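These are the residues of each chain, in order.
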Amino acid sequence: METPENNSGYESAEKVILRWDSKASEEGRERMIFGTDRQEADVYLQAVDEIQRTLSSASISDCSHNVDADDQSKVNTTIQIAMARLEDEFRNILIIHTSALEIDSLFDSSTSFPSSTPTHHELEDDEDCISDNSGSSRNNLLQLHHCESSDSSTYRTSSSIREVDLMPAEAICDLQAIAMRMIAAGYLRECIQVYGSVRKPSVDSSFRKLGIEKLSIGDVQRLEWEALEGKIRRWIRAARVCVRILFASEKKLCEQIFDCVGTDIDDACFMETVKGPAIQLFNFAEAISISRRSPEKLFKILDLHDALMELLPDIEAVFDSKSSDSIRVQAAEILSRLAEAARGILSEFENAVLREPSRVPVPGGTIHPLTRYVMNYISLISDYKLTLIDLIMSKPSTGSRYSGDPSTPDMEFIELEGKTPLALHLIWIIVVLQFNLDGKSKHYRDVSLAHLFMMNNVHYIVQKVKGSPELREMTGDNCLRKLTGKFRQAATSYQRATWVSVLYCLRDEGLHVSGSFSSGVSKTVLRERFKTFNAMFEEVHRTQSMWLIPDGQLREELRISISEKLLPAYRSFLGRFRSHIESGKHPENYIKYSAEDLETAVLDFFEGYPAS
């Protein structure tokens, strides 16, 4: 075996290596080999190959004790100089060809989706605040409606990975050639470190431009929900770009450079580059998945769930190696926790509706803010039914037909056979809402107003069900018929409570003092009847003009119903007994209204302000 001194190939290679030694050569300090003269780069690589062959031969000979120690040391020194140079060249090529991604163009190329996350006004279109008797606000369901408008969305459209070429083919060939020689010489760790030292800052820079802040799980959980909503919207947009473009492109680059020397190496370089941003990306979603549950979070959690579920196949494709197993596992676990959070929020929402404690009656018996909030909320839930049907696999845990608990309504599930679990939950929410409203109605001192309150609120529920095709389909016609019957019964109960006593003044009984119908009328009793009627009608008119029926059609229907009972009875009574009053003194004190006057006065009812 020839030693380096009598190996002309080694001597020539050594000269090339030493020529570019930056510690000993001015040319080596001032110029880079790659990127200038391709022939010089090829010569240098050939020289490295020759040195490595000599080193390999020397190692074999060393085993037989045929190589001088000085020769061995000389070859080792030469290869160290070569590797130091290749490390510098490797770094320089990476730096020259590393540039920040155009983030805006990546967003533009990603799929856009229609908005579906609820706005504040969709959830609660009544600005009234509910307070306790002391006027202080309470931490209850009615305060859980502060959702900003959102342009985020559900993610049901499949999308593929869109890799970007991060470097030109010529640079990749050079990097690949250098990497092969560094790794063959035992410089794997240095190669990975150099690669990571250049590529990682580039990935970090692109990651920051996507708007994902570096927040710990504790930081995320301490944020106010309104601030967190905006961050969730940005996360959903950024996660698609990170996984499908940024991380996927980095993986492709690692494979292009290192695939020829083994998959473990390209995986190691890939994880060295993206592990930090990937962990930071998914830590945010993980923090949301384990944060405190409240109703307004449901839709954002569903958005996160849908986005992550859509991304999961891409995550598994990008992080498909053993070294990136922790990323895949984390993403799958977060998806599971988001699903559990959605189920938990819906269950807690049901309990919150049932237990919402406000006791102060809403003025005028109008629609309670709780009714508006809950119905708008479940209408939006029904829009997410494709997601929620998959997530919710059980019936509501409460509401058995014979619960025996006076604080919980009964619900006959047998009548609802064939309904999806989500439909049962929505129906149950409506049942507990009615139960709660029924309790609130008892806080009105006026029974008529209590019935009007129930009529208004159940009618609102009916209109919301009718107005949402998804909600109507899920609850079914039978549920809608029951609701319609309930608000009509409340309207009937209101009329009985208010007008039976008023119309009772217009009866014939008690007016006759003898058997003669024409001459046996007691004028004293008749005058008292007119006075009582006038006083009762005026009181009803005074109070009920300040009551409110927000729905114009319902308001008109109830006025017509009142008029159809009141006006014929008054006309008949007036026609029979007017002459007895007019033949006496001061008839105007008793007959104060014509039928037309009453008809006009009824038009003042339920406007929500005092009649003139």
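The protein chain is annotated in an unreviewed UniProt entry as Exocyst subunit Exo70 family protein of Gossypium schwendimanii. Looking at the protein chain in UniProt, the text filed under Sequence similarities (unreviewed entry) is "Belongs to the EXO70 family." Looking at the protein chain in UniProt, the text filed under Function (unreviewed entry) is "Component of the exocyst complex."

**Q** Give a description of the overall build of the protein chain that names residues and reports values.
**A** A count of helices and strands for the protein chain gives 22 helices and 0 strands. For the protein chain, buried positions account for 51% of its 612 residues. A separation of at least 24 residues holds for 82% of the contacts in the protein chain among residues at least 6 apart in sequence. Here the protein chain has roughly 28,300 Å² of accessible surface; of this, 50% comes from carbon and sulfur atoms.

**Q** Give a detailed account of helix H20 (residues 523-544), specifying residues and quantitative values.
**A** With 22 residues, H20 extends 31 Å from end C-alpha to end C-alpha; this agrees with the ideal 32 Å at 1.5 Å per step. For H20, the complete set of buried residues consists of Leu526, Arg529, Phe530, Phe533, Asn534, Phe537, Val540, His541, Thr543 and Gln544. Residues of H20 that are buried sit in contact with helix H17 (447-467), helix H19 (477-504), helix H21 (552-582) and helix H22 (595-602).

**Q** Give me the lowdown on the packing of helix H7 (residues 169-184) against helix H10 (residues 225-258), citing residues and values where you can.
**A** In contact at an axis separation of 7 Å, H7 and H10 are set at 60° when each is read in the N-to-C sense. Taken together, the axis directions place H7 and H10 in an arrangement best described as oblique. Here Ile172, Leu175, Gln176, Ala179 and Ile183 of H7 lie close against H10, whose contacting residues are Leu253, Gln256, Ile257 and Phe258. Residue classes in the contact of H7 with H10 are distributed as 7 nonpolar, 2 polar and no charged.

**Q** Could you give an account of unusual backbone geometry, with specific residues and numbers?
**A** The phi dihedral of His586 is positive, around 45°, even though this residue is not glycine. Backbone geometry at Phe606 places phi at a positive 65°, although glycine is not the residue there. Take Phe606: its relative accessible area is 0%, and that puts it in the buried class.

**Q** Which residues make up the packing of aromatic side chains, and what values do they have?
**A** Enumeration over the complete set of coordinates arrives at 20 aromatic pairs. Taken together, a centroid distance of 6.5 Å and an interplanar angle of 20° make the contact between Trp235 and Phe284 stacked. Of this pair, Trp235 sits in helix H10 while Phe284 is found in helix H11 (residues 263-289), placing the two residues 49 residues apart along the sequence. The pair Trp235 / Phe284 is uniform in exposure class, with both members buried. Residues Phe247 and Phe319 carry aromatic rings whose centres are separated by 5.8 Å and whose planes lie at 80° to one another, so their mutual orientation is edge-to-face. Separated by 72 residues along the polypeptide, Phe247 in helix H10 and Phe319 in the loop between helix H12 (298-318) and helix H13 (325-355) bring together distant segments of the chain. Of the two residues, Phe247 and Phe319, both sit in the buried class.

**Q** Tell me about the side chain of Gln280, residues and numbers included.
**A** Mapped onto the secondary structure, Gln280 falls in helix H11. Side-chain polar atoms of Gln280 contact the backbone oxygen of Ile212, separated by 3.5 Å. Setting aside its immediate chain neighbours within four residues, Gln280 contacts Phe207, Ile212, Glu213 and Lys214.

**Q** Which residues make up H12, and what values go with them?
**A** Given a rise of 1.5 Å per residue, 21 residues ought to cover 30 Å, and the 29 Å separating the end C-alpha atoms of H12 matches this to within 8%. The largest bend along H12 measures about 40° and falls at Leu312, with the proline Pro313 one to four residues further on. Across the 21 residues of H12, 17 count as buried, placing the element largely inside the fold.

**Q** Describe the packing of H7 against helix H8 (residues 188-209), with residues and values.
**A** For any two helices packed against each other, the geometry comes down to the angle between their axes and how far apart the axes lie. Axis separation between H7 and H8 bottoms out at 7 Å; the angle between their running directions is 140°. Contacts between H7 and H8 involve Ala179, Met182 and Ile183 from the first element and Leu188, Glu190 and Cys191 from the second. A breakdown of the residues in the contact of H7 with H8 according to their chemical character gives 5 nonpolar, no polar and 1 charged.

**Q** Just give me the short version of the nonpolar core, but keep the residues and values in it.
**A** Side chains of nonpolar character tend, in soluble globular proteins, to be buried together. Counting 180 residues, the largest nonpolar core has Phe90 and Phe247 as its most contacted members. Tallying contributions element by element places H10 first for this core, with 18 residues. Apart from the residues within four sequence positions on either side, Phe247 is in contact with Val203, Cys242, Phe270, Val274, Pro277, Ala278, Leu281, Val318 and Phe319.

**Q** How would you sum up the pattern of salt bridges? Please name residues and give values.
**A** The final tally for this structure, using the stated rule, is 31 salt bridges. Arg85 is the salt-bridge partner of Glu89, the closest N and O atoms lying 2.9 Å from each other. Placement of both Glu89 and Arg85 in helix H4 (residues 69-96) is noted, with a separation of 4 residues, approximately one turn of the helix. For the pair Glu89 and Arg85, a shared accessibility class is recorded, and that class is buried. The closest approach of N and O atoms between Lys442 and Asp438, which form a salt bridge, is 3.0 Å. Looking at Lys442, the relative accessible area reads 59%, which means it is exposed. Judged by relative accessible area, which is 32%, Asp438 ranks as partly exposed. If you follow the salt bridges from partner to partner, you end up with Arg555, Glu556, Arg559 and Glu607 in one network.

**Q** Which residues make up the confidence of the model for the protein chain, and what are the values?
**A** Segments scoring low in pLDDT should not have their predicted coordinates read at a detailed level. Predicted confidence across the protein chain gives a mean pLDDT of 83, with 83% of residues reaching 70 or more. Confidence, read as mean pLDDT per element, is least for helix H6 (residues 120-123) in the protein chain (48) and greatest for H17 (97). The model gives residues 142-158 a pLDDT under 50, and that stretch makes 75 contacts with residues more than four places away or in other chains. Segment residues 399-403: pLDDT under 50, and 15 contacts once partners within four positions in sequence are set aside and those in other chains are kept.

**Q** Explain the environment of Val75 to me, using residue names and the numbers behind them.
**A** Residue placement: Val75 occurs in helix H4. For Val75, a relative accessible area of 1% gives the class buried. Separated by 61 residues in sequence, Val75 and Glu14 have C-alpha atoms that sit 8.8 Å apart.

**Q** Account for the environment of Lys231, naming residues and giving values.
**A** With respect to the element layout, Lys231 can be found in helix H10. Linking Lys231 and Phe284, residues 53 residues apart in sequence, is a C-alpha distance of 9.3 Å. If near-sequence neighbours (up to four positions away) are discounted, Lys231 is found in contact with Glu213, Leu215, Leu223 and Phe284.

**Q** Quick rundown of the state of the cysteines? Include the residues and the values.
**A** Within this structure, the stated rule accounts for 0 disulfides. Looking at the unpaired Cys254, the closest cysteine sulfur is the one in Cys269, lying at 5.5 Å. Judged by relative accessible area, which is 1%, Cys254 ranks as buried.

What counts and what doesn't
- Residues numbered from 1 in each chain as written.
- Predicted model: local features only at pLDDT ≥ 70, side-chain atom pairs only at ≥ 80, totals over all residues.
- Heavy atoms only, no water.
- UniProt positions renumbered as here; feature names shortened; annotations may be inferred.
- Helix = DSSP H or I, 4+ residues; strand = E, 2+ residues; numbered from the N terminus.
- Buried < 20%, exposed > 50% of the residue type's maximum accessible area, 1.4 Å probe, protein only.
- Contact = heavy atoms within 4.5 Å.
- Areas by Shrake-Rupley, 256 points an atom, 1.4 Å probe, with all protein chains shown as cover.
- Expected span 1.5 Å × (residues − 1).
- Axes fitted to C-alpha atoms, helices over the stretch in contact; angles between N-to-C directions.
- Parallel < 35°, antiparallel > 145°, perpendicular 65-115°, else oblique.
- Nonpolar A, V, L, I, M, F, W, Y, C, P; charged D, E, K, R; others polar.
- Phe/Tyr/Trp six-rings, centres within 6.5 Å; stacked < 30°, edge-to-face > 60°.
- Polar contact = N/O pair within 3.5 Å; in protein donor to acceptor, adjacent residues only side chain to side chain.
- Bend = angle between axes of the 7 residues up to and from the residue.
- Core = buried A, V, L, I, M, F, W, Y, C linked by side-chain atoms within 4.5 Å.
- Salt bridge = Lys/Arg side-chain N within 4 Å of Asp/Glu carboxyl O.
- pLDDT = per-residue confidence, 0-100.
- Disulfide = S-S within 2.5 Å.

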